[in-house]
Amino acid sequence: MSRPRADSQGSLGPDDEVVPYSDDETDDELESLEDEGPPGVPPTEEVKSTESGWSVKANDRRFCKLPEFQKKYFLCLKKSKYSGNAIKTYKYNALTFLPLNLFEQFKRAANLYFLALLILQIIPQITTLPWYTTLVPLVLVLGITAIKDLVDDLARHRMDNEINNRKCEVLLNGSFLESKWMNIEVGDVVRLNKNDHIPADILLLSSSNPNSLCYVETAELDGETNLKFKMGLKETDERLQEESQLAQFDAMIVCEEPNNRLDKFTGTMHWRRDRFPLNLDNMILRGCRVRNTDVCHGLVIFAGADTKIMRNGGKTRFKRTKIDELMNYMVYTIFVMLVLLCAGLAIGNSFWYAEIGSKAWYLYDGLNQSASYRGFLSFWGYIIVLNTMVPISLYVSVEVIRLGQSKFINWDLQMYYREKDTPAKARTTTLNEQLGQIEYIFSDKTGTLTQNIMAFKKCTIAGQTFGDPTTSDGVTLDRGRPVDFSWNKYADRKFEYQDHSLVACIRSGKNKEALEFFKLLSLCHTVMVEQNENDELVYQAASPDEGALVTAARNFGFVFLSRTQDTITVSELDQKNTYEMLALLDFNSDRKRMSIILRFPDGRIRLYCKGADTVIYERLSPNSRYKEVTQTALDIFANETLRTLCLCYKDISKEEYDSWAAKHKAASVSTGNREAALDQVYEQIENNLMMIGATAIEDKLQDGVPETIAKLAKADIKIWVLTGDKKETAENIGFSCHLLDDDMQIHYGEDVNEKLRIRQTARREQPPAFGRIRKKVPDPFFEQSGRNALIITGGWLNEILYEKKKKRRRLRLKRLGRRPASSVPQDATQPIDDWEKEMRQVDFVNMACECEAVICCRVTPKQKANVVSLVKKYKDAVTLSIGDGANDVNMIKTADIGVGISGQEGMQAVMSSDYAFAQFRYLERLLLVHGRWSYIRMCKFLRYFFFKNFAFTLVHFWYSFFSGFSAQIAYEDWFITLYNVMYTSLPVLLVGLLDQDVNDKLSQKFPKLYLPGQQGALFNYKNFFISLFHGIFTSLVIFFIPYGAFLQTMGQDGEAPSDYQSLAVVMASSLILTVNLQISLETSYWTFVNCFAVLCSIAIFFGIMFDIHSAGIHVIFPSTFTFTGVASNTLRQPYLWLTIILTVGISLLPVICIEFLSKTIWPSVGDKVQRHRKKYEMEEEEKKKPAPFQRGRASRRSAYAFSHSRGYADLIASGRSIRRRPNVAHPNPRDTLREVPQADNI
């Protein structure tokens, strides 16, 4: 059932067609709004002083350096408020790298702790371990991290240098000289050639095209590949063509301050005692690229950080994973435990010395220290001994694992886009495991989900539908072949169509309606046409849809050849005809249609009209045929998510036209509301129309988008689409990519606002004490059991979240004086205080999160970032943003993970992203494979790492009970130094890099395997304490079994090997074997490298131990290596080998039993998939059955007409683009290349 739409004009709510820039208005704009008087009273004219705005003097660099334009930036130091054109994204330079990097690293609590520990170890009274046992790992950690940071920053330096050193021609000393981008300043005149990137925000002065027309591509700004045109002022175009004229140009530009509004610019040019208004059509923004224009000249208005593209970048945020935050809290927990343990042992030492130590004559050390003072020294001694509970090597190991995982992403051939030679790129090494915990994805639409390529797919003409694969006789085929258009010399070779019957129908000339259909498409449009060097036609359309329709007509024999201010020339099946254009009734978002009135060569006057079915059907003649069959065809097209458009005509008598033309002329010169007057006149002629048929255009999705969205939905990942496009366009794409379906109940802005108002009113009616308590589990907003989706525009978003003109309110308060706020606001829907505003935001987030799909349209870059922030703040969820244009940068930086779509012209999103690849479908593999594996590996690594350090360190704790709490170490000091660095590091590193429970295909086949990451089930405080108790148990076994074996032992030689050093060797050997076999039990994916690492670690331990226990090294360093001959003496005793085997066996047996029982009795989803892995790997996925036909919804039709932007009608009517000026000599223009972006889109 179709939902009625609230008309944007009649609704009391915000206009759905307007992009709201809530806080982004400039001060001068707000002042003009505040100064507006009552309706009908013209505002008093006031000349704004140059100091109040942004002033730019052409060809005068000294002007920007005047004292009045200086601002303080540090203490009393000043600099110009005008930014230079160089950009800087790097963090360090040669002087600041070392101090700044060390400062950042020592902000990490563990590094600071180990620095303090190193200082303690230098103090002789309390040191129990040599200083190098801490210095070596600390230097290793700081060094590796510094090298990684240096490599990352050098990449940023290279990127900045590449951009800053681009070349551009700048007018200096009367002639154009080649200059680097970073040397360009505000006020410079620059010359740009075809295909050049725009270096700054410039005011277009003149170009080689007629009347200063310049075509630009804005892919880097908004991801759209269709060309847009910019126009210089007529005055500058006529007077600023030659180099000498440009050198004498001395205008003063007064305009708005730098801001982030991509859709607005206001200014005034003061030149030759005259003033000229400036708007966005006169500006070319940085990030655009010159196309189809040989040469153009411009004046730099904003440079560098002041440009709109840089202003939209948002703040660069330091991103950390949830595991990082959890790890830091766990390190704090370990530190607290360490302090408590050391305090307990220090108290034990004081009591022991008072009761026993002070009375034993053989323990007298000559120091007359009290028991409490000895306990104090013992406390610091144990801080040093037990320092390995806080593992310094943990951080460097984590960095190595993350670096390896990033390389695996870079090397993944299944994420390599061959067509554009674009591999996936992990641009950060610190967020990989977070990819396995994503709960919400925020995606742009244009260029991210879609290719922004429109293709003419189907049509219905006089009740007959064309577009399916058929022969020329109309026989339907299962598999078609493309139509051969070689008979048409004007045909676009890239156009593909598979219905041969339509071509046969047209070429036969028998079907008059078909001929009229394509004649309408070739005449009723605002497309501009040019001819390139090869005399090929090049179309420039206001939108890809328009270009697709005119190109389709061109291929079917109705070729739009040229136009003047009042004529259109077309070739109709090789017969050239010129029609007189009497009126062009352009498209706008309210009319949702466009019309053209033509006088035919035989004198007839006919109106052609195309538009949305909702507006066309209201204006059809009662005598019009084909209404019902066209309606049925529209339903079928809508079900296939095609963008539809109705075509119709009307014959007009000369008397009727003359009468209407008089009214039209009067409305055209109206000084009041001209647009409304014209709309009324248009209504009078656009009636009693006769239906011809309808077109169906496919807005091509990127490959695999619906399948990717469906797979991610099964992994319980919610996808929100945030786009600047119109509501109907966004909704149509939602259906195309299966984000929405007909079973969903769709809620729009007005519904959402009403539900939130009811919830707010109910909260106000509750008692104050109860009403101010936030519920942990909020009441649901949707009582129905059905599935829900939310579609909301930027205007409604501001209305709902109370983001209403904060700057305007501040300005008003400043002018009127602050008034005391009343307890009840004038508008009952407005918040009473900040708490109520916050609760409103919480309600909105809760409602949106109840929906299966959320689409926010007509939103600004700032609003995109705000929506992401709200979900992060109130849901504490891990978020990912993906986009391809500069308008997505703020959103990408705000989310926990930012992904840029690369391979298009625009690289702004990629430069700000954490990960980049060429196609949206690669997101599935990035999350379900790389993200999931990275999370599992990191969790397994951390659980094991904490375990092995607890097992290692707590042996000292048990030993202290038998050493008088004297801070005596239980192992040899070299074993302590090398334990984490050499003996146990390699196997766990390889698990962190290579382990996988199931392969990549099964990871994608079973998306439910992703759920543990979202729930944080594999690493949390529960897992931490399990690792702690596992370590305690292992340390108990490793100490007490050898201790018991040594109590009453006799060796083969009749001597008792019950000395401290032999005990240390047995405990160390037991520990190394235990922890290396434990990681073997943890390993799910065995390779030769894993096996080698485990055996090699054990071999390295015994090899190094025998070396440092040898007599030779003791002779060289007698004070450093004191365990001379211990290893060889101890390990030749079979009894002690049996002790080691018994210790290892008892340590591992409970682990084996628990693992067996858990996998047998309580298997997880992963365990079940592992159990049947071979079976699943042999299976082939069933082919998907096509969805049964369902009748489409009216709300999904005519997306073209709803989404199409205003055309070039004003430009055509002015005739400015038609008149050719005499050739002007330009010095050495670059060789022009053939650019047919619109043809590429078809």
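Residues numbered from 1 in each chain as written. Predicted model: local features only at pLDDT ≥ 70, side-chain atom pairs only at ≥ 80, totals over all residues. Heavy atoms only, no water.

**Q** Any chance you could explain the overall build of the protein here in plain terms?
**A** Scanning the protein from terminus to terminus reveals 44 helices and 35 strands. Burial analysis of the protein (1242 residues in total) assigns 56% to the buried set. Counting contacts in the protein only where the partners sit at least 6 residues apart, residues at least 24 apart contribute 76% of the total. On the protein, roughly 55300 Å² of surface is accessible, and the fraction owed to carbon and sulfur atoms is 56%. (Helix = DSSP H or I, 4+ residues; strand = E, 2+ residues; numbered from the N terminus. Buried < 20%, exposed > 50% of the residue type's maximum accessible area, 1.4 Å probe, protein only. Contact = heavy atoms within 4.5 Å. Areas by Shrake-Rupley, 256 points an atom, 1.4 Å probe, with all protein chains shown as cover.)

**Q** So what exactly am I meant to see when it comes to helix α39 (residues 1134-1161) here?
**A** Every α-helix winds through 3.6 residues per turn, so residues three or four apart in the chain are directed the same way. An ideal rise of 1.5 Å per residue puts 40 Å on 28 residues; α39 measures up with 40 Å between its terminal C-alpha atoms. Every buried residue belonging to α39 is among L1136, T1139, I1140, T1143, V1144, S1147, L1148 and V1151, and all of these are buried. Tucked into the core, α39 has its buried residues touching α34 (1021-1047), α35 (1060-1082) and α38 (1126-1130). (Expected span 1.5 Å × (residues − 1).)

**Q** Is there a simple way to think about the sheet that holds strand β14 (residues 289-291) in this case?
**A** Two orientations exist for strands paired in a sheet by backbone hydrogen bonds: parallel and antiparallel. Taking strand neighbours across the sheet as the criterion, the 3 strands line up as β9-β8-β14 in an open arrangement whose pairing is antiparallel. The open sheet has two edge strands with one neighbour each: β9 (228-231) and β14. Neighbouring strand axes in the sheet, compared pairwise and without regard to direction, differ in orientation by 45 degrees on average. Where strand β8 (residues 213-217) and β14 come together, 3 bridges link them in antiparallel fashion. (Pairing = 2+ DSSP bridges. Axes fitted to C-alpha atoms, helices over the stretch in contact; angles between N-to-C directions.)

**Q** So what exactly am I meant to see when it comes to the packing of helix α9 (residues 322-355) against helix α10 (residues 371-385) here?
**A** The angle between the axes and the distance between the axes are what describe a pair of packed helices. Running from N to C, α9 and α10 point in directions that differ by 145 degrees, and their axes come no closer than 8 Å. Viewed along their axes, α9 and α10 form a crossing whose handedness is right-handed. When α9 is examined against α10, the residues L338, V339, C342, A343, L345, A346, N349, S350, Y353 and A354 are found in contact with a partner set consisting of A371, S372, R374, G375, S378, F379, Y382 and I383. When its residues are assigned to classes, the contact of α9 with α10 shows 12 nonpolar, 5 polar and 1 charged. (Left-handed = near helix turned anticlockwise from the far one by under 90°. Nonpolar A, V, L, I, M, F, W, Y, C, P; charged D, E, K, R; others polar.)

**Q** Help me understand the packing of aromatic side chains, please; the structure alone is not making it clear to me.
**A** Working definition: an aromatic ring pair is given by the centre-to-centre distance plus the angle between the planes. Scanning the entire structure with this criterion turns up 63 aromatic pairs. Judged by centre distance (5.2 Å) and plane angle (50 degrees), the ring pair of F941 and F945 falls under tilted. On the criterion of helical spacing, the pair formed by F941 and F945 is a turn pair, its members being 4 residues apart in helix α29 (residues 922-960). Among the residues examined, F945 registers a relative accessible area of 2% and is labelled buried. When the centroid spacing of 5.3 Å and the interplanar angle of 70 degrees are considered together, the rings of F961 and F965 count as edge-to-face. (Phe/Tyr/Trp six-rings, centres within 6.5 Å; stacked < 30°, edge-to-face > 60°.)

**Q** Explanation requested: helix α17 (residues 654-668) in the structure shown.
**A** With 15 residues, α17 should cover 21 Å at 1.5 Å per step; its first-to-last C-alpha distance of 20 Å lies within 8% of that length. Among all positions in α17, only Y657, W660, H664 and A667 are buried. Here the buried residues of α17 occupy an arc of 85 degrees about the axis, which is enough to place them on one side. Of the exposed residues in α17, the ones pointing more than 90 degrees away from its buried face are E655 and K665. In this fold, the buried residues of α17 make contact with β24 (575-585), β25 (593-599), β26 (605-611), β27 (643-652) and α18 (674-685). (Arc of directions from axis to C-beta.)

**Q** Mind showing me how you'd approach the pattern of salt bridges here?
**A** Charged atoms that come close allow side chains of opposite charge to pair. Overall, the coordinates contain 44 salt bridges when judged by the stated rule. Note that R156 and D153 form a salt bridge whose closest N and O atoms lie 3.2 Å from each other. Highlighted residues: R156 and D153, both in helix α4 (residues 132-164), separated by 3 residues, approximately one helical turn. Relative accessible area serves as the criterion here: at 27%, R156 is assigned to the partly exposed category. Look at D153 and you get buried, because its relative accessible area is 2%. A single salt-bridge network, built from bridges that share partners, covers R593, E618, R619, E683 and E686. (Salt bridge = Lys/Arg side-chain N within 4 Å of Asp/Glu carboxyl O.)

**Q** Looking at this structure, I do not really get the pairing of strand β11 (residues 267-271). What am I missing?
**A** Within a regular beta strand, the side chains point alternately toward one face of the sheet and then the other, so they alternate between its two faces. In β11, alternate side chains face the same way, and those of G267, M269 and W271 are buried while those of T268 and H270 on the opposite face are not. What sits between β11 and strand β12 (residues 274-278) in their antiparallel hairpin is a turn of 2 residues, with R272 showing a positive phi close to 55 degrees.

**Q** Where do I start with a nonpolar patch on the surface in this structure?
**A** Where nonpolar side chains cluster on the molecular surface, the patch consists of L140, I144, V400, V981 and M982 and spans about 340 Å² of accessible area. At the level of secondary structure, the elements contributing two or more residues to the nonpolar patch comprise α4 and α30 (973-983). You can see M982 is positioned in helix α30. By relative accessible area, M982 is classed as partly exposed at 34%. (Patch = residues over 30% accessible without salt bridge, like charges linked within 9 Å, V, L, I, M, F, W, Y side chains within 5 Å.)

**Q** Which parts of the structure should I look at to understand the sheet that holds β27?
**A** Taken together, 9 strands build an open sheet; the order of strands is β19-β18-β28-β27-β26-β25-β24-β23-β22 and the sheet is antiparallel. Taken across any chain shown, the strands that pair with only one partner, and hence form the sheet edges, are β19 (464-466) and β22 (558-563). The sheet shows a mean angle of 30 degrees between the axes of neighbouring strands, taken without regard to direction. Two strands pair when backbone bridges link them, and strand β18 (residues 450-461) and strand β28 (residues 690-701) are joined in this way by 8 bridges, in the antiparallel orientation. Looking at β28, one finds that T460 is bridged to A694. Strands β18, β22, β25, β26, β27 and β28 of the sheet are contacted by helix α14 (residues 544-555), whose axis makes an angle of about 45 degrees with β18. Across the sheet, α17 is in contact with β24, β25, β26 and β27; its angle to β27 comes to roughly 110 degrees.

**Q** Would you take a moment to explain the environment of G1125 for this structure?
**A** Topologically, G1125 is positioned in the loop between α37 (1111-1116) and α38. A residue is classified by how much of its surface remains accessible, and G1125, at 26% relative accessible area, is partly exposed. Through-space distance from the C-alpha of G1125 to that of S1110 is 5.6 Å; in sequence the pair is 15 residues apart.

**Q** Looking at this structure, I do not really get the side chain of E256. What am I missing?
**A** Mapped onto the secondary structure, E256 falls in the loop between β10 (252-255) and β11. Classification of E256 by relative accessible area gives buried; the value is 0%.

**Q** Can you help me understand the environment of G611 in this one?
**A** Of note, G611 is situated in strand β26. The buried category is assigned to G611, whose relative accessible area is 0%. C-alpha of G611 to C-alpha of T644: the two residues are 33 residues apart in sequence and 8.7 Å apart in space.

**Q** What is the right way to look at the packing of helix α23 (residues 794-801) against helix α25 (residues 834-850) in this model?
**A** With their axes 9 Å apart at the nearest point, α23 and α25 run at an angle of 135 degrees to one another. Judged on the interaxial angle alone, α25 and α23 are oblique. Along the contact surface, α23 presents L797, E799, I800 and L801, while α25 presents K837, R840, Q841 and F844. Among the residues making up the contact of α23 with α25, the classes are represented as 4 nonpolar, 1 polar and 3 charged. (Parallel < 35°, antiparallel > 145°, perpendicular 65-115°, else oblique.)

**Q** In this structure, what is going on with the confidence of the model for the protein? I would like to understand it.
**A** Any residue range with low pLDDT should be treated as having predicted coordinates unsuitable for detailed reading. Overall, the prediction assigns the protein a mean pLDDT of 81, with 84% of residues at 70 or greater. Ignoring residues within four places in sequence, the model shows residues 818-827, a span with pLDDT below 50, making 6 contacts including any to other chains. A low-confidence stretch, residues 1189-1196 stays under pLDDT 50, and its non-local contacts, those more than four residues away or across chains, total 26 contacts. (pLDDT = per-residue confidence, 0-100.)

**Q** Where do I start with the environment of V867 in this structure?
**A** On the secondary structure map, V867 appears in helix α26 (residues 861-875). Residues V867 and Q841, spaced 26 residues apart in sequence, show a C-alpha to C-alpha distance of 10.0 Å. Those residues within four positions of V867 in sequence are excluded, and the remaining contacts are F442, W720, L722 and L797.

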